[in-house]
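Each chain, letter by letter, is given below.
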Amino acid sequence: MIILDGKIASQAIKEGLKNQVQSIINQGKRAPHLAAILVGNNGASETYVASKVKNCEEIGFESSLIRLESDVEETKLLEEIHQLNNDEKIDGILVQLPLPKHISEQKVIEAINPKKDVDGFHPVNVGKLVQGLETFIPATPYGIMLMLEHFDIPTKGKHAVVIGRSNIVGRPMSILLSSNTKRGNCTVTVCHSHTPNLNEICLQADIIVAALGKPEFVKADMVKNGAVVIDVGITRVEDATAKKGFRIKGDVAYAEVASKTSAITPVPGGVGLMTIAGLLKNTLQAYQNNNA
Ligand code: NAD
């Protein structure tokens, strides 16, 4: 069994990006610039955005963090996006989700210029993904594909079961794994909250991608010997014995599942770090597209 260590894979990707940024700067050009908008003060969102900004700094990107109050009007947020769309020095824009209930996430996603949509959520970019055209792949599925590539996990002809069909993880993941690409060509089954016999379906999987947000949902009796298991879940579970008062749990019962697998991602230290690598790669791509 090998542990698909997100730290090792993401570090290798970030080293490559850092070198590319250095060579851009050596040519006297400006560095790529990512702008992040954070609405409110949700603890998990704060952590994610802080980590994205820190990673930008590490590899030499510029970054801006725009903070808005949780009761900000939707029009104000749309206006901020509009300004960033028109700012030539901003290459990538991300609005950290989820947003407060009074703001339409769909409207916000559609307000971002698709050329700066480094999260890959705009319908134009999703459409390109479906058609196999060059686009910004949503960061988490992109990170998973980069991980499969880094550890040279074969996918061709395999049966992949993706649990979850969200627009940000499950759905794009299923499209990527079924695409006619080097790390695609899987036969994909997409499972969701209305799927009966999930256990039996999972038992047929060569690759399981668990993205449902239910801590330790995937148990050993759902996993075939030798399967590859990718755990996307991140849930904060209260734990008085932990320093922060909670622990991060994945969607896979790692302790009982790991020994059955041929490869598995840990949580934390797996897919989360790869998500950031995917986002950084998209931002450099946006910069290159915008400066071509
Ligand atoms: P979501 O709530 O939008 O979607 C969950 C999906 O799981 C839905 O499609 C639902 O149908 C399905 N589902 C729910 N219960 C199910 C069940 N019992 N059986 C089968 N399917 C079921 O969640 P999301 O945004 O896709 O995120 C999923 C998880 O991944 C969350 O824990 C989230 O925090 C985590 N996440 C991690 C990263 C990362 O970087 N590692 C990034 C994004 C999301």
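Higher on the page you've got the structure.
It should be emphasised that the depicted structure is a prediction, and the values quoted were computed from it without experimental measurement.

> Give me the lowdown on the overall build of the protein, citing residues and values where you can.
The number of helices and strands found in the protein is ten helices and eleven strands. Whereas a compact globule of 292 residues would reach a radius of gyration of roughly 19 Å, the protein reaches 19 Å, a difference of no more than 12%. Taking the principal axes of the C-alpha coordinates as reference, the protein spans close to 50 × 40 × 35 Å. Considering only residue pairs separated by 6 or more positions, the protein has 70% of its internal contacts joining residues 24 or more positions apart. Of the side chains in the protein, 31 bear a positive and 31 a negative charge, and the two mean positions are spaced by 5 Å.

> Summarise the site of the ligand; cite the residues concerned and give the values.
Around the ligand, the surrounding shell holds 22 residues, and the nearest of these are Arg165, Ser166, Lys214, Ile234 and Thr275. In the environment of the ligand, an oxygen atom lies 2.5 Å from a nitrogen or oxygen atom belonging to the side chain of Ser166. Take His192: an N or O atom from its main chain is 3.4 Å from a nitrogen atom of the ligand. In the complex, 74% of the free accessible area of the ligand, which totals 860 Å², lies under the protein chains. Here the element with the most residues in the shell around the ligand is helix α10 (residues 271–290); it accounts for three residues. A breakdown of the residues in the shell around the ligand according to their chemical character gives ten nonpolar, ten polar and two charged.

> Please provide a residue-by-residue account of the sheet that holds strand β2 (residues 33–39), values included.
On the basis of which strands lie adjacent, the open sheet formed by three strands has the order β3-β2-β4 and parallel pairing. Every other strand in the sheet has two partners, leaving β3 (62–68) and β4 (92–95) as the edge strands with one partner each. Averaged over neighbouring strand pairs, the angle between their axes works out to 15° when direction is ignored. Where β2 lies against β3, seven bridges are found, and the strand directions are parallel. Bridging from a neighbouring strand, Leu34 pairs with Ser63 of β3.

> I'd love a proper account of the sheet that holds strand β11 (residues 263–264), names of residues and values included.
Within a sheet, adjacent strands bond to each other through the backbone by hydrogen bonds, running parallel or antiparallel. Taken in spatial order, the six strands line up as β1-β11-β8-β7-β5-β6 in an open sheet, and their pairing is parallel. Each of the sheet's edge strands pairs with one partner strand only, and the pair in question is β1 (2–3) and β6 (187–191). Both β1 and β11 contribute to a ladder of two bridges, which runs parallel. Paired with Ile2 across the strands is Ala263, a residue of β11.

> Tell me what's going on with the pairing of β6, and back it up with residues and numbers.
Sheet analysis places strand β5 (residues 159–163) next to β6, joined by five bridges and oriented parallel. Directly across from Val162, in β6, lies its bridge partner Val190. In this view, the connection linking β5 to its parallel neighbour β6 by way of helix α7 (residues 170–178) has right-handed handedness.

> Give me the side chain of Lys14: which residues, what numbers.
Looking at the secondary structure, you find Lys14 in helix α1 (residues 6–26). On the basis of relative accessibility, which here comes to 10%, the residue Lys14 falls in the buried class. Within the structure, Lys14 has its side chain in polar contact with the side chain of Glu58 (distance 3.1 Å). Discounting residues that sit within four places of it in the chain, Lys14 has contacts with Asn55, Glu58, Ile59 and Leu280.

Cut-off values and rules
- Residues numbered from 1 in each chain as written.
- Predicted model: local features only at pLDDT ≥ 70, side-chain atom pairs only at ≥ 80, totals over all residues.
- Heavy atoms only, no water.
- Helix = DSSP H or I, 4+ residues; strand = E, 2+ residues; numbered from the N terminus.
- Rg over C-alpha atoms; globule rule 2.2 N^0.38 Å.
- Contact = heavy atoms within 4.5 Å.
- Lys, Arg positive; Asp, Glu negative; His and termini not counted.
- Charge placed at Lys NZ, Arg CZ, Asp CG, Glu CD.
- Near = heavy atom within 4 Å.
- Polar contact = N/O pair within 3.5 Å; in protein donor to acceptor, adjacent residues only side chain to side chain.
- Areas by Shrake-Rupley, 256 points an atom, 1.4 Å probe, with all protein chains shown as cover.
- Nonpolar A, V, L, I, M, F, W, Y, C, P; charged D, E, K, R; others polar.
- Pairing = 2+ DSSP bridges.
- Axes fitted to C-alpha atoms, helices over the stretch in contact; angles between N-to-C directions.
- Right-handed = clockwise from strand over helix to strand, strands pointing away.
- Buried < 20%, exposed > 50% of the residue type's maximum accessible area, 1.4 Å probe, protein only.

Fair warning: the whole summary comes from geometry, so function is off the table for now.
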